[in-house]
Amino acid sequence: GNKPVRTQEGQEYKSEKFGYSLTFPNDWKAGNKPVRTHLDEINIKGSGGSELGVSVDPVKIDSLEAFGTAKEVAKKVLGAEKARDGVTTAKMLAYKKEQIDGKTYYIIEYESETSRGDKHFIAKVAIEDKKLYVLTAQAKQGKFAEDEQKLRTGVASFRVSLP
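Everything numeric in this text was worked out from a predicted model, so none of it was measured. (Residues numbered from 1 in each chain as written. Predicted model: local features only at pLDDT ≥ 70, side-chain atom pairs only at ≥ 80, totals over all residues. Heavy atoms only, no water.)

## Considerations on the nonpolar core
Then comes step 1: In terms of nonpolar packing, the biggest core is built from 25 residues, with Tyr20, Leu22, Leu52, Val54, Tyr133 and Phe158 touching the most fellow members.
Then comes step 2: Residue assignment for this core shows that the elements contributing at least two residues are β3 (20–24), β5 (40–45), β6 (51–58), β8 (103–114), β9 (117–128), β10 (131–140) and α3 (141–157).
Then comes step 3: Per element, the largest residue contribution to this core is four residues, and it comes from β10.
Then comes step 4: Within the second largest apolar cluster, 14 residues are counted, among which are Leu64, Ala74, Tyr106 and Phe121. (Core = buried A, V, L, I, M, F, W, Y, C linked by side-chain atoms within 4.5 Å. Buried < 20%, exposed > 50% of the residue type's maximum accessible area, 1.4 Å probe, protein only. Helix = DSSP H or I, 4+ residues; strand = E, 2+ residues; numbered from the N terminus.)

## Some thoughts on the pattern of salt bridges
Then comes step 1: Per the counting criterion, the structure on display carries 13 salt bridges.
Then comes step 2: We note a salt bridge from Arg152 to Glu109, for which the minimum N-O separation is 2.8 Å. With Arg152 in helix α3 and Glu109 in strand β8, this pair connects stretches of sequence that are 43 residues apart.
Then comes step 3: The exposure class of Arg152 is partly exposed, given its relative accessible area of 29%.
Then comes step 4: Across the salt bridge formed by Asp147 and Lys143, the nearest N and O atoms sit 3.3 Å from each other. With a gap of four residues between them, Asp147 and Lys143 both fall in helix α3, about one helical turn apart. Summarising the burial analysis for this pair, Asp147 and Lys143 share the class buried.
Then comes step 5: When salt bridges with common partners are traced through the structure, they connect Glu109, Glu148 and Arg152 into a single cluster. (Salt bridge = Lys/Arg side-chain N within 4 Å of Asp/Glu carboxyl O.)

## Comments concerning the sheet that holds strand β1 (residues 5–6)
Then comes step 1: The antiparallel open sheet is built from four strands, whose spatial order is β1-β2-β3-β11. At either end of the open sheet lies a strand with only one pairing partner, and these are β1 and β11 (159–160).
Then comes step 2: With two bridges joining them, β1 and strand β2 (residues 11–15) adopt antiparallel strand pairing. Following the sheet pairing, Val5 is matched in β2 by Glu12.
Then comes step 3: Along the sheet, α3 contacts β3 and β11; its crossing angle with β3, the most-contacted strand, is approximately 160°. (Pairing = 2+ DSSP bridges. Contact = heavy atoms within 4.5 Å. Axes fitted to C-alpha atoms, helices over the stretch in contact; angles between N-to-C directions.)

## Observations concerning unusual backbone geometry
Then comes step 1: With a phi close to 50°, Asp101 is a non-glycine residue in the positive phi region.
Then comes step 2: As for its position among the elements, Asp101 is in the loop between β7 (87–100) and β8.
Then comes step 3: Even without glycine at this site, Asp129 takes up a positive phi of about 55°.
Then comes step 4: Within the secondary structure layout, Asp129 lies in the loop between β9 and β10.

## Some details on the sheet that holds β9
Then comes step 1: If you trace the seven strands from one edge of the open sheet to the other, you get β4-β5-β6-β10-β9-β8-β7, paired in antiparallel fashion. If you trace the sheet from one side to the other, it starts and ends with β4 (29–31) and β7, each paired once. On average, each strand axis in the sheet is tilted by 15° relative to the strand beside it, whichever way the strands run.
Then comes step 2: Inspection of the sheet shows β9 paired to β10 by ten bridges, in the antiparallel sense. Within the sheet, the bridge partner assigned to Ile122 lies in β10 and is Ala137.
Then comes step 3: Here helix α2 (residues 70–82) sits on the sheet and contacts β7, β8 and β9; the angle it forms with β7, its principal contact strand, is near 150°.
Then comes step 4: Relative to the sheet, α3 contacts β6, β8, β9 and β10, its axis offset from that of β10 by approximately 150°.

Structural data, given as structure tokens:
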């Protein structure tokens, strides 16, 4: 099983099967969605709608570069957000490419306005072994400042390293 392990920094979640890990606050709860729509997914909930989520999906390519530049992928992410139900508008805030342990990650930050309130997102994307890994950190706009450090720490801790 993949039980989170408590550390000084928080709880560490590791997926043995899909080879990713991340750290999240001790008072946040990890769980799965009732309906699985991905190869693998985990949802980690804080209070007031703040959460970290990871999804893993099969893709036909084996590198992020084959998917596009950080800017191109950011545009795709934004396009997908705009197409979601109840989203009136979405705005790009930042995107960058990061190399960690020789692997490429794109980090994309954006906001969306929806019929259910405004949200702030930070996504971290990687492709490994023909699988697309996406970590999404999100908070309601009004709660983002309060939880920003926790969310950014979670994003920074996300790693994909296959077994």
